[in-house]
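Letter by letter, the chains look like this.
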Amino acid sequence: MTSRTQKTVYRKNYTPPSFLANTVDLTFDLDPSQTRVTAKTELIHNPQSKSTDIVLYGEDLELVGILLNGRKLAAGEYALENGLLRITKAPEVTRLEIETLICPDKNTTLMGLYLSNGNFFTQCEAEGFRKITYFPDRPDVMAKYTVTLKANKKQFPVLLSNGNLVEEGALPRGRHYAKWEDPFNKPSYLFAIVAGKLVCQEETFTLASGRKVLLQVWVEKGNLDKTAHAMESLKHSIRWDEERYGLELDLDRFMIVAVGDFNMGAMENKGLNIFNTRYVLANPRIATDVDYANIESVVGHEYFHNWTGNRVTCRDWFQLSLKEGLTVFRDQEFSADRIGTKDGRAVKRIEDVRTLRQHQFPEDAGAMAHPVRPDSYEEINNFYTVTIYEKGAEVVRMYQTLLGREGFRKGMDLYFQRHDGQAVTCSDFLAAMADANKQDLTQFENWYSQAGTPRVKLRTRYNKKAQSLSLTLSQSCPPTPEQAKKRPFLIPFAFGLLDAKGKSMVVNSHDVTVRKKLADAPSGTALVQLTRKSQTITLTGVPEKPVISALRNFSAPVILEYDQSDEELALLLSADPDAFNRWDAGQRLALRHLLRLTHAVQHKEALELPSTLVEAYRSVLANDSLDPAFQALALTLPSEIMIAEEMKEIDPQAIVQARHFMLQTLSHSLQDEWLKTYQTIRIPAPYSPEPDNAGKRSLRNLALSYLMEGDDKKLMQLAVTQYDNADNMTDRMAALTALTHAGNLTSKKMAERCLRHFYREFRLEALVIDKWFALQATSPENGAPEMRKLADHPAFTLKNPNRARSLVFGFCMNNMAQFHATDGSGYDFWAENILELDRINPQIAARLSRALTQYNRFKPELKKRARKTLKHIASRKLSRDTGEIINKILA
Ligand code: PHE
Ligand code: ZN
């Protein structure tokens, strides 16, 4: 691959490694201020490479010495510059022994070996192993690892690494050691160690095959009362992968470790998953229903990586979505299957599509847009994006939609049969799907190579005399950086027809497949494969003009352009047998009026809401045959970001005001219904996070938040009472959020008391204090001055990513009107934090930098002010991470 001296790395420049590694034998002499690492690697020349040079990467290392086949190398026998150590004309088989020194306690980047609360952790994906030793740190170099850890026994009683513990014992001077062996080949990014004062919940678990495995969840001592849910989630994950994909856990021991300082959600290191505490720790007192669900899905995600990522890994980092898109798809399916309520799978689908629209669509329309398989990057850490993860998962889901569940499974089986133990590409995955199903999927490749969200425009014509309906579907995709023109995509387009009373109609045509086995589709759903820029299909035997339910279950990650009247949308909302489209019809209806209201605010016109919308909402609320979780989703308005996405020129203040007006109107017009909902929903005690109860809580708490929109003291008191009496974090947090975000004087006073109480009550629970900061950061009342005050709070620090995210990201990403304040105060706060964070943790600074990727689309005065701020940041010395983002935004 390319040396880090080059600014941009290109996919087309991929070359196979010159040497492959057989075995790696690592010894760590652990010490916080200076750790000694000895790496013995057996390298063998790769016949696929013309070069005979060994190329090793290294960063922030002090090189002590190198032995080559037992002989010490003199300084002139290797070249060391810009993070590359090169040994020219190396022997076919080369045993290298390299000794380096590193300083974990000075490492604030949380990559490589670092300390968190006095314990050692590593993070090696994507290129962190090179901060541990000089190594061919690229995913297509796979080897067997043996690891020996040595440390002071009192300070670091627990010593963990990948695979199996094969030896442990005492050493002189109060030290001890442990030796671990990982029986599987792996790339360096999956290497991990953990050392320190930790305790675990453990259990022996029997696999479907009858083999017994040891499962452990490791945490700091005070957190042993918060591991049960993660353990349960792990066991469910293991079962699910056996049942759905026939994939078994391949190790005798599987460990999860929680760490408070972590850049991402979690990491799939072989047999030793390391997790942000946020995705492990839960009990009713500190975790909400959403936290519980997130833990289950992240535990699943990391576990599923063991096959999709670890057994079969990526050839190079451009193929990142090969493992991430696939594994997100797998965790989404796992969670959907776990819900088990009537509309459970649809509820999960709705949440996932909401995430995609809220985060990925804007990314795909902005300066950082990139294909699911990027062509180039400056800093790979910047490509752990919603496009790679969530759009990547949609791409995988489309195979399943096109091939059916069974066809998809055949493709998966062939993929493992062909590639187990290899480092492969997205094209290899596509080939396995195509070959297993004897289909030509050549055009599907465009989903990997082209960025941007495709638009599908639908026009219909009904011919009463001929009783026929024609659908004309045309697709286009807007230009994205470096890709002006796009080729058509292969788009699976699912749809159905409803008559005027909302009953399903039969679809007859030679042009479409009516799939009985289409996953998650109600009967009567047809599937068309769009392949051209424009195509027309004709349906016959259509006795009346139907209402069309288009893009059922969101069969492709596209933006549908199809004009339907308020009445048609209301009909779909009440009657579509496809639950996803029922929800989507409501969203489209609300969005249309939110956009109209935003326009009215801008032009100082009177604000009004039509009764169609209010009545549509009333009937959703009154329909108790619906799943409460579904009702809650259907009654939640599209977010401010979703409104902004539809505007040519974004006016944040107008958007917030329009949305607020709609909330208030729905609050007043449906006050009796909200109150009834709030008072009649009964949830069995004691608290349990299972989906049935969680769904009821989410509807009940949505009702509460609508009730808070009116400035009524009696109603406010409901929230205070709920806050005081809550026996779980879901209800407590919901009440507090409703109070703080209601935005009137009465609620404000009440909120202040609760906020003070909340802090005192939970001051020892870091994850809850994160919530406390986030809640205030996203309050529409609070602007940059309040943020500065909060940043001065003794509990605040930028060094901990979760804490930085709660306050600074909370404000810059989720407080639209205040962050985009016309005086520029929000932007100044943003810039200061980027610059300060960039010196501590470039990855986190680069993430924060993304808050203005779409600055170009804001109204002129904001655009000007944003550009000035961006230029100011760009004028400073920046990390490669932050530099790439800021410069791409300005380009
Ligand atoms: N590979 C991890 C996951 O998705 C994410 C991650 C990337 C974590 C880089 C840390 C660093 O499961
Ligand atoms: Zn992942």
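Placed above this text is the structure.
Rules of the game
Residues numbered from 1 in each chain as written. Chains lettered and ligands numbered in written order. Predicted model: local features only at pLDDT ≥ 70, side-chain atom pairs only at ≥ 80, totals over all residues. Heavy atoms only, no water. Helix = DSSP H or I, 4+ residues; strand = E, 2+ residues; numbered from the N terminus. Rg over C-alpha atoms; globule rule 2.2 N^0.38 Å. Contact = heavy atoms within 4.5 Å. Areas by Shrake-Rupley, 256 points an atom, 1.4 Å probe, with all protein chains shown as cover. Lys, Arg positive; Asp, Glu negative; His and termini not counted. Charge placed at Lys NZ, Arg CZ, Asp CG, Glu CD. Donors = N, O, S within 2.8 Å, 3.2 Å for Na, K, Ca; no water. Tetrahedral: all angles 85-135°; square planar, octahedral: opposite > 155°, others 65-115°. Buried < 20%, exposed > 50% of the residue type's maximum accessible area, 1.4 Å probe, protein only. Axes fitted to C-alpha atoms, helices over the stretch in contact; angles between N-to-C directions. Parallel < 35°, antiparallel > 145°, perpendicular 65-115°, else oblique. Left-handed = near helix turned anticlockwise from the far one by under 90°. Salt bridge = Lys/Arg side-chain N within 4 Å of Asp/Glu carboxyl O. Pairing = 2+ DSSP bridges. Near = heavy atom within 4 Å. Polar contact = N/O pair within 3.5 Å; in protein donor to acceptor, adjacent residues only side chain to side chain. Nonpolar A, V, L, I, M, F, W, Y, C, P; charged D, E, K, R; others polar. Phe/Tyr/Trp six-rings, centres within 6.5 Å; stacked < 30°, edge-to-face > 60°. Lys NZ or Arg CZ within 6 Å of the ring centre and 35° of its normal.

Enquirer: I would appreciate a short explanation of the overall build of the chain in the present structure.
Expert: Broken down by element type, the chain carries 26 helices and 34 strands. In terms of C-alpha radius of gyration, the chain reaches 28 Å, essentially the compact-globule figure of 29 Å for 891 residues. Within the chain, counting contacts between residues at least 6 apart in sequence, those at least 24 apart form 72% of the total. Accessible area of the chain: about 34,600 Å², with a carbon and sulfur share of 50%. For the chain, the distance from the average site of its 116 positive side-chain charges to the average site of its 109 negative ones is 2 Å.

Enquirer: Could you clarify how one ought to interpret the coordination of the zinc ion (ligand 2) in this entry?
Expert: Think of it this way: four donors in a tetrahedron around the metal ideally sit 109.5 degrees apart, and six in an octahedron ideally sit 90 or 180 degrees apart. Protein coordination at the zinc ion (ligand 2) comes from His301 (NE2), His305 (NE2), Glu324 (OE) and Glu324 (OE), with a distance range of 1.9 to 2.8 Å. Taken together, the six donor atoms coordinating the zinc ion (ligand 2) and their angles of 47 to 162° define a geometry best described as irregular. As a motif over one chain, the donors of the zinc ion (ligand 2) read H-x3-H-x18-E. Residue histidine 305 is found in the loop between helix H2 (289–304) and strand S23 (313–314), and its partner glutamate 324 is found in helix H3 (residues 320–339); the two are separated by 19 residues along the sequence. In this structure, histidine 305 and glutamate 324 share a single accessibility class: buried.

Enquirer: What is the right way to look at the packing of helix H1 (residues 228–245) against H2 in this model?
Expert: When two helices pack together, their arrangement is given by the angle between the helix axes and by the axis-to-axis distance. Across the interface, H1 lies against H2 with an axial gap of 9 Å and an inter-helix angle of 45°. The orientation of H1 relative to H2 falls into the category oblique. The two elements H1 and H2 meet at a crossing, and its hand is right-handed. Taking contact as the criterion, the partners of His229, Ala230, Ser233, Leu234, Ser237, Ile238, Trp240 and Asp241 in H1 are, on H2, Tyr292, Ile295, Glu296, Val299, Gly300, Tyr303 and Phe304.

Enquirer: I keep staring at the pattern of salt bridges and nothing clicks. Help me out?
Expert: Applying the stated criterion across every chain, the model contains 62 salt bridges. In this structure, aspartate 140 and arginine 138 form a salt bridge, with 2.8 Å as the shortest nitrogen-oxygen distance. What emerges from the salt-bridge pattern is a single network uniting Arg244, Glu333, Asp337, Arg345, Arg397 and Asp520.

Enquirer: How should the sheet that holds strand S8 (residues 84–87) be read in this particular structure?
Expert: Strand pairing in a sheet relies on backbone hydrogen bonds, with the paired strands running either antiparallel or parallel. Here three strands make up an open sheet; going across it, the order is S4-S8-S7 and the pairing antiparallel. The sheet terminates laterally at strand S4 (54–57) and strand S7 (79–81), the two strands that pair on one side only. Between one strand axis and the next, the sheet turns by 15° as a mean value, whatever way the strands run. Note that S4 and S8 share four bridges and pair antiparallel. Counterpart to valine 55 in the pairing with S8 is arginine 86.

Enquirer: Is there a simple way to think about the site of ligand 1 in this case?
Expert: Taken together, 13 residues sit near ligand 1, with Glu125, Glu268, Glu302, Glu324 and Tyr389 positioned nearest. Between ligand 1 and the protein, one listed contact pairs a nitrogen atom with a side-chain N or O atom of glutamate 125 at 2.6 Å. Between histidine 301 and ligand 1, the recorded distance is 3.2 Å, taken from a side-chain N or O atom to an oxygen atom. Summarising the interface, the protein chains cover 96% of the accessible area of ligand 1, which totals 320 Å² for the free molecule. Broken down by secondary-structure element, the contributors of at least two residues to the shell around ligand 1 are strand S21 (266–267), H2 and H3. Taken together, the residues of the shell around ligand 1 sort by class into five nonpolar, three polar and five charged.

Enquirer: Looking at this structure, how should I read the pairing of strand S9 (residues 93–102)?
Expert: When a strand is regular, its side chains alternate between the sheet's two faces. Of the strand pairs in this sheet, strand S3 (residues 35–45) and S9 are connected by 10 bridges, and their pairing is antiparallel. The partner of glutamate 42 across the bridge, within S9, is arginine 95.

Enquirer: Could you clarify how one ought to interpret the pairing of S3 in this entry?
Expert: As paired elements, strand S2 (residues 19–29) and S3 share 10 bridges and run antiparallel to each other. The partner of phenylalanine 19 across the bridge, within S3, is histidine 45. From the end of S2 to the start of S3, which pair antiparallel, there are five residues.

Enquirer: Which parts of the structure should I look at to understand the side chain of threonine 869?
Expert: If you trace the backbone, threonine 869 turns up in helix H25 (residues 860–874). Once residues lying within four places of it in the same chain are set aside, the contact partners of threonine 869 are Tyr827, Asp828, Trp830 and Ala831.

Enquirer: Please clarify how unusual backbone geometry should be interpreted in this entry.
Expert: Excluding glycine, most residues fall at negative phi; most peptide bonds, likewise, are trans. Residue alanine 126 follows glutamate 125 across a cis peptide bond; omega there is 0°. You can see alanine 126 is positioned in the loop between strand S11 (119–123) and strand S12 (142–152). Residue proline 686 follows alanine 685 across a cis peptide bond; omega there is -5°. By the element assignment, proline 686 lies in the loop between helix H14 (671–680) and helix H15 (691–707). Non-glycine residue aspartate 60 carries a positive phi angle of around 55°.

Enquirer: Is there a simple way to explain the packing of helix H24 (residues 842–849) against helix H26 (residues 880–890) in this structure?
Expert: Running from N to C, H24 and H26 cross one another at 15°; their axes reach a closest spacing of 7 Å. By the angle class used here, H24 and H26 are roughly parallel. Here H24 and H26 pass one another in a crossing that is left-handed. Contacts from Pro842, Gln843, Ala845, Ala846 and Ser849 of H24 reach H26 at Asp881, Thr882, Ile885, Ile886 and Ile889. Classifying every residue of the contact of H24 with H26 gives six nonpolar, three polar and one charged.

Enquirer: Just checking my understanding: could you explain the packing of aromatic side chains for this structure?
Expert: Geometrically, a pair of aromatic rings is defined through the distance of the ring centres and the angle of the planes. Counted according to the given criterion, the structure contains 39 aromatic pairs. Aromatic side chains phenylalanine 811 and phenylalanine 829 sit 5.7 Å apart centroid to centroid with 85° between the ring planes, which places their arrangement in the edge-to-face category. In this pair, phenylalanine 811 sits in helix H21 (residues 801–814) while phenylalanine 829 sits in helix H23 (residues 825–840), placing the two residues 18 residues apart along the sequence. Of the two residues examined, phenylalanine 811 and phenylalanine 829, each falls in the buried class. Taken together, Trp240, Tyr245, Phe254, Tyr303, Phe304, Phe329, Phe334 and Phe408 form an aromatic cluster joined through their ring pairs. For the cation-ring pair, arginine 700 lies above tyrosine 678, with the distance from its terminal atom to the ring centre recorded as 4.3 Å. Arginine 732 extends its terminal NZ or CZ atom over the ring of tyrosine 723, reaching a point 5.2 Å from the ring centre.

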